[in-house]
2 protein chains.
Amino acid sequence: MAAVETTFAFLYDELEARDATAFVHVGDRFDDDLRYLTRFSGPDRGYAFVFVGGDAILCAPALFERQARREFTGDYVYGPEKFESATPGGRAVEVLDAYDAAGTVLVPQHLPHDAAVRLENAGFSLESTDAVDRERAVKSPEEIERIRRVQRAAEAGMARAETVLARADVAGDVLEVDGARLTTEGLRREVNAVLADRGVDPAGNTVVGAGGACADLHFTGDVPVRPGETVLLDISPRDAFGYYGDLTRTFVVDSDGGWERRAFLAVESAQEAAFEELEAGATANRVHEEAAAEVGAYGFPAGYERDTGFTHGVGHGVGVSLHEAPSLTSDSTLEAGNVVTVEPGVYDAQEGGVRIEDLVVVTEDGFENLTEYPKSLTPEERD
Amino acid sequence: MAAVETTFAFLYDELEARDATAFVHVGDRFDDDLRYLTRFSGPDRGYAFVFVGGDAILCAPALFERQARREFTGDYVYGPEKFESATPGGRAVEVLDAYDAAGTVLVPQHLPHDAAVRLENAGFSLESTDAVDRERAVKSPEEIERIRRVQRAAEAGMARAETVLARADVAGDVLEVDGARLTTEGLRREVNAVLADRGVDPAGNTVVGAGGACADLHFTGDVPVRPGETVLLDISPRDAFGYYGDLTRTFVVDSDGGWERRAFLAVESAQEAAFEELEAGATANRVHEEAAAEVGAYGFPAGYERDTGFTHGVGHGVGVSLHEAPSLTSDSTLEAGNVVTVEPGVYDAQEGGVRIEDLVVVTEDGFENLTEYPKSLTPEERD
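Just so it is clear, the structure is predicted and the values come from calculations on it, not from any experiment. (Residues numbered from 1 in each chain as written. Chains lettered and ligands numbered in written order. Predicted model: local features only at pLDDT ≥ 70, side-chain atom pairs only at ≥ 80, totals over all residues. Heavy atoms only, no water.)

S.K.: Summarise the domain arrangement of chain A; cite the residues concerned and give the values.
M.R.: Accessible area lost upon the coming together of the parts serves often as the stated size of an interface. Residue and element names in this part refer to chain A. The domain architecture assigned to chain A consists of domain 1 (9-136) and domain 2 (141-369). Taking only C-alpha atoms into account, the centre of domain 1 sits 36 Å from that of domain 2. On the domain 2 side, the residues contacting the 5 residues of domain 1 number 9 residues. Interface area lost by domain 1 to domain 2 is led by D32, R35 and R136, which between them contribute 67%. Taken together, domain 1 and domain 2 are joined by 3 salt bridges. (Domains from an automatic or database assignment. Contact = heavy atoms within 4.5 Å. Buried area = accessible area lost by both parts, 1.4 Å probe. Salt bridge = Lys/Arg side-chain N within 4 Å of Asp/Glu carboxyl O.)

Right, dumping it as structure tokens:
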């Protein structure tokens with residue numbers, strides 16, 4: 001499939017609009033802006049990205065020049081032997097000097113402080129820009145294809161978990177598989193092994209809640225999975241290019257059809273209501289408001305300050321960060337190419353939690369769902 | 001097993017030594033200093049850590065207060081409702097004001113620039129400190145136990161890969177398993193599935209090189225695994241608490257005993273030479289120099305500037321970062337409790353690459369090897 005490339009026209013435009021001489025960022029592969037700008041997947045050491053004079057330049061750390069040349073989609077890779085300075089901030093200054101740059105340098109607001117000080121000491125005036133966030137929020141067809149593939153892997157992981165639940169035996173107040181007690185950690189390992197086998201990284205994001213723990217939105221502990229309790233799986237793997245998927249389903253083995261059935265209908269309806277609002281030109285938080293109203297129609301309250309009900313926003317952008325622009329609780333205007341989650345949820349520390357989450361791409365006249373996984377509260381064998 | 005806690009006496013001492021009023025850091029779970037200071041495992045949003053007046057305080061992002069209270073080992077967790085400011089830097093300022101702090105605030109040098117500006121605008125004078133790096137470099141018994149367990153998982157992944165190689169059939173100039181061609185990506189997926197099943201995250205670090213690609217130190221591509229070529233596996237998973245393991249072995253199926261045999265003997269001897277130097281009080285780069293001399297005795301050159309031979313340092317610290325202090329090419333003095341890799345390697349773009357890597361803890365009179373995996377160039381069935 002086509003490689004994912006970053007095009008730098010947006011930086012050229014931003015420099016012109018802001019009357020700035022260059023854009024600089026410094027960090028490592030855990031900085032998602034830098035990952036996006038460079039496509040460089042390692043290592044965990046400081047490197048610098050400089051856009052100046054129409055050129056995109058990567059100052060690579062020692063030992064990894066070969067990898068940098070293989071991965072960087074910009075113009076030049078310079079290794080440490082090119083520089084006097086041992087720090088990425090100092091190397092960025094040397095590049096700027098080589099281009100006779102002067103005046104304002106644009107940086108992301110989270111540029112490391114030591115690099116900022118170096119640039120300022122060299123006489124540059126720093127101004128922050130969110131141009132990279134804005135560019136990242138609108139995906140190219142190649143990026144959408146990456147995300148679609150990661151989502152397929154997330155679905156394979158979900159299918160394994162759902163199948164395990166479908167086959168589990170009720171043994172008193174616990175569930176058993178082949179005679180062993182089923183726990184959230186056991187399910188997490190099953191899911192993660194499937195993800196790894198599909199070539200994506202679990203990325204420390206596989207949330208498996210059971211019962212009251214479902215209300216703990218990033219539950220990573222180990223508790224028994226019990227009959228009649230909600231089991232919430234939120235799977236967000238990352239591919240080798242840095243792109244995330246994001247998929248949530250909730251199941252109940254041996255449901256008595258009470259609270260969780262009403263909660264499931266509420267979030268299903270809320271997701272449909274959100275889908276109705278999704279299209280280029282729509283205001284993002286309108287999507288959240290419609291979902292919240294629908295949850296309310298089923299008797300569940302909504303609000304961040306609450307412990308029960310719909311306690312979070314209905315969605316967020318997904319790309320080389322798991323959470324990026326646009327947030328569906330912001331007042332931004334949706335654009336074709338935004339990839340967002342649609343994930344209403346209802347929680348109650350006594351009853352449990354129900355959330356369903358699809359990943360979709362906004363289009364000119366609606367949306368395309370990148371998710372193909374069925375929705376049912378009762379687990380079925382799918383593996 | 002015992003929870004891993006951070007004790008903050010070192011910050012108290014550093015504030016006193018530097019005549020500073022507080023320590024502040026801001027970031028998310030991808031910032032390893034913040035991960036260490038807070039033990040908070042998520043999410044990817046801004047939170048602030050403040051040490052002031054003897055109290056360790058976490059300003060947690062919305063939605064994740066419950067998780068923060070579960071994981072933070074300091075004194076207080078404050079949610080967003082406690083603050084006027086919407087940014088972690090602004091919240092850190094509010095905490096400092098509540099403690100009537102004034103004067104110098106110590107920060108890591110990579111504090112995000114926007115937080116630095118907020119602190120400076122509030123009248124604080126910033127000075128950088130490496131106190132957190134120094135504290136992280138010396139592991140507690142609980143941390144060593146974590147790392148030992150991650151290393152066991154890495155060994156299980158290695159055993160799977162070695163077993164696959166041992167069972168592979170030579171089919172012309174490629175290897176086959178059950179009739180399918182064996183590739184580096186296929187091996188990577190086998191390893192990563194075992195890691196996930198053992199409850200650790202592959203963390204995007206599973207390097208599998210074959211032939212000339214072994215010289216590419218972070219090779220993540222997909223090439224055929226061929227008989228007679230070196231296959232280099234470097235496995236560095238991360239546990240749920242953030243601790244890494246690190247293990248490298250090199251195998252050759254159907255070796256003709258030429259270059260790779262000499263390279264293997266060289267790195268085995270170099271590792272032994274490095275082990276000889278390891279003890280509290282030793283100068284770190286002495287360990288590297290002895291390993292490099294031993295590699296040289298086998299006719300392989302050493303040097304960072306080189307493309308062939310021993311092209312990297314012999315080791316680095318491992319903890320909540322895969323690469324942290326002490327580096328074995330630095331002039332620091334080793335301390336009991338340092339956990340370091342010992343990983344000599346020899347590379348040649350034509351011949352391939354051979355590296356073996358163990359993870360050890362420095363003790364008062366030597367070292368303890370946290371690695372139990374055998375070393376052999378010819379793969380054996382171990383799964």
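S.K.: Summarise the side chain of D246 of chain B; cite the residues concerned and give the values.
M.R.: All names here are of chain B. On the secondary structure map, D246 appears in the loop between β11 (230-235) and β12 (247-252). Lacking a salt bridge, the buried D246 has R355 as its closest oppositely charged neighbour, with an N-O distance of 7.0 Å. At 3.0 Å, the side chain of D246 forms a polar contact with the side chain of S236. (Helix = DSSP H or I, 4+ residues; strand = E, 2+ residues; numbered from the N terminus. Buried < 20%, exposed > 50% of the residue type's maximum accessible area, 1.4 Å probe, protein only. Lys, Arg positive; Asp, Glu negative; His and termini not counted. Polar contact = N/O pair within 3.5 Å; in protein donor to acceptor, adjacent residues only side chain to side chain.)

S.K.: Which residues make up the environment of G53 of chain A, and what values do they have?
M.R.: Note on placement: G53 of chain A falls in the loop between β2 (47-52) and β3 (55-59). Residues G53 of chain A and G315 of chain A, 262 residues apart in the sequence, show an inter-C-alpha distance of 38 Å.

S.K.: A description of the packing of aromatic side chains should follow, citing residues and the corresponding values.
M.R.: Enumeration over the complete set of coordinates arrives at 18 aromatic pairs over all chains. An angle of 85 degrees between the planes, with centres 6.1 Å apart, marks the rings of W259 of chain B and F300 of chain B as edge-to-face. Placement of W259 of chain B in helix α9 (residues 259-277) and of F300 of chain B in the loop between α10 (284-297) and β13 (339-342) is noted, with a sequence separation of 41 residues between them. A relative accessible area of 11% means that W259 of chain B is categorised as buried. A connected cluster of aromatic rings, assembled from ring pairs, spans F8, F23, F49, F51 and F72 of chain A. Seen from the ring of Y373 of chain B, R382 of chain B lies directly overhead, with NZ or CZ sitting 5.9 Å from the centre. (Phe/Tyr/Trp six-rings, centres within 6.5 Å; stacked < 30°, edge-to-face > 60°. Lys NZ or Arg CZ within 6 Å of the ring centre and 35° of its normal.)

S.K.: Could you give an account of the pattern of salt bridges, naming the residues involved and the relevant values?
M.R.: In the structure shown here, the tally under the stated rule is 66 salt bridges over all chains. A salt bridge links E185 of chain B to R188 of chain B; the nearest nitrogen and oxygen atoms lie 2.4 Å apart. In this pair, E185 of chain B and R188 of chain B are both assigned in helix α8 (residues 184-197), 3 residues apart and thus about one turn of the helix distant. Exposure class is identical for E185 of chain B and R188 of chain B. Each is buried. Members of the salt-bridge network, linked through shared partners, are E14, R18, E127, D130 and R134 of chain A.

S.K.: Requested: an account of the interface of chain B and chain A, with residues and values cited.
M.R.: Taken together, the 46 residues of chain B in the interface contact 47 residues of chain A. Across the interface of chain B and chain A, roughly 3,800 Å² is buried in total on both sides, 49% from carbon and sulfur atoms. The largest contributions to the chain B side of the interface with chain A come from L63, R66 and H113 of chain B, which together make up 16% of the buried area. Summed over the shared surface of chain B and chain A, the number is 4 salt bridges. Residue D216 of chain A is joined to R66 of chain B by a salt bridge in which the shortest nitrogen-to-oxygen separation is 3.8 Å. In this assembly, chain B and chain A are joined by 18 residue pairs in polar contact (both at pLDDT 80 or more). Looking at the side of chain B that touches chain A, the elements that each hand over two or more residues are α3 (65-71), α5 (113-121) and α8 of chain B. For the side of chain B that touches chain A, the leading source of residues is α8 of chain B, giving 6 residues. Taken together, the residues of the side of chain B that touches chain A break down into 17 nonpolar, 15 polar and 14 charged. (Nonpolar A, V, L, I, M, F, W, Y, C, P; charged D, E, K, R; others polar.)

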